[in-house]
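A look at the structure
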Amino acid sequence: MTVLAELAARIDAHLAGRVRSAAPGSLELTCEVAPENLLQVCRVLRDEPQLKFEMLMDVCGVDYLHYGQDEWRTLQATDSGFSRGVARGSADGQPPQDGVERFDPPAVREQHRHPRFAVVYHLLSITHNWRLRLRVFCAEDTQPMVDSVVDIWSSADWFEREAFDLYGILFRGHPDLRRILTDYGFIGHPFRKDFPLSGNVEVRYDADKGRVVYQPVSIQPRTLVPKVIREDARYEPALKGQS
């Protein structure tokens, strides 16, 4: 039995019905927990001698707003020199007749349907020398909120403040939930997928007023064209294997 398989078996033994474990096929095991079970599961992960995750290494937010709508080849991309950009699928969802790979956003969105925001916890067991990724989805998209785990792992204090600042995720029971990276008067949450890349405001020093002032951002948004590899001699079949 591999280390990940052993960890998955122990989690299933102590948390059956309260977490959903991913198949241990990658470098790290990922478990998903419902928001109402988060604190109970975290206490078991910390206190159960067979698990003993004493350390919370990181807490981060995730925005799945456009998840599954990526119009780029990823796993299928090779060094053969073709463009990784793909065209959108047909309206009826049927494969194209010309054999050209296309992307079908509705089908992918249906496959990955879940709430927009999630919180991910990275845990470390010093006793057993293994790691665990724990994920919880926020029940609401308009006001994402989960329970704070500060009382379980004190290191969550600043991590949760960062997730609140950058994603707008609220942590119920946090002792001091304030912004930690952005300015005091900052509006919005910059790591959300719908936050403009150029921001909403910019700052400059006003010599007449003798202080820094805010003003609407002056950068004009523009649409960038994806990089495409075309007619690259490095990928010519005749040149493969030559020094």
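Residues numbered from 1 in each chain as written. Predicted model: local features only at pLDDT ≥ 70, side-chain atom pairs only at ≥ 80, totals over all residues. Heavy atoms only, no water.

Let us now look at the overall build of the protein. Assigned secondary structure in the protein consists of four helices and 11 strands. For the protein, with 243 residues in total, the buried portion stands at 31%. In the protein, 55% of the contacts between residues at least 6 apart in sequence involve partners at least 24 apart. Accessible surface, the protein as shown: approximately 15,800 Å² in total, 53% of it carbon and sulfur. (Helix = DSSP H or I, 4+ residues; strand = E, 2+ residues; numbered from the N terminus. Buried < 20%, exposed > 50% of the residue type's maximum accessible area, 1.4 Å probe, protein only. Contact = heavy atoms within 4.5 Å. Areas by Shrake-Rupley, 256 points an atom, 1.4 Å probe, with all protein chains shown as cover.)

Relative to the 18 Å expected for 13 residues at 1.5 Å per residue, helix α1 (residues 3-15) spans 18 Å between its end C-alpha atoms, a close match to the ideal helical length. All of the buried residues along α1 are Leu4, Leu7, Ala8, Arg10, Ile11 and Leu15. Each buried residue of α1 lies within a common arc of 165° when the element is viewed along its axis, so the set occupies one face. Of the surrounding secondary structure, the elements contacted by the buried residues of α1 are β1 (19-21), β2 (29-33), α2 (38-47) and β7 (130-137). Note on α1: the residue one or two positions beyond its end, glycine 17, has a positive phi of about 85°. (Expected span 1.5 Å × (residues − 1). Arc of directions from axis to C-beta.)

In this section: the nonpolar core. Ile11, Leu38, Leu45, Val119 and Tyr121 are the most contacted members of the largest nonpolar core, which has 38 residues in total. Of all the elements in the fold, those that place two or more residues in this core are α1, β2, α2, β3 (55-63), β6 (117-125), β7 and α4 (156-167). Those residues in contact with leucine 45 that sit more than four places away from it in its chain are Leu15, Leu51, Lys52, Phe53, Leu123, Leu132 and Leu134. (Core = buried A, V, L, I, M, F, W, Y, C linked by side-chain atoms within 4.5 Å.)

A grouping of Val201, Val203, Tyr205, Val212 and Tyr214 is seen on the molecular surface, where their side chains present a nonpolar patch of about 520 Å² in accessible area. It is strand β10 (residues 201-206) that provides the largest number of residues to the nonpolar patch, a total of three residues. Relative to the helices and strands, valine 203 is located in strand β10. (Patch = residues over 30% accessible without salt bridge, like charges linked within 9 Å, V, L, I, M, F, W, Y side chains within 5 Å. Salt bridge = Lys/Arg side-chain N within 4 Å of Asp/Glu carboxyl O.)

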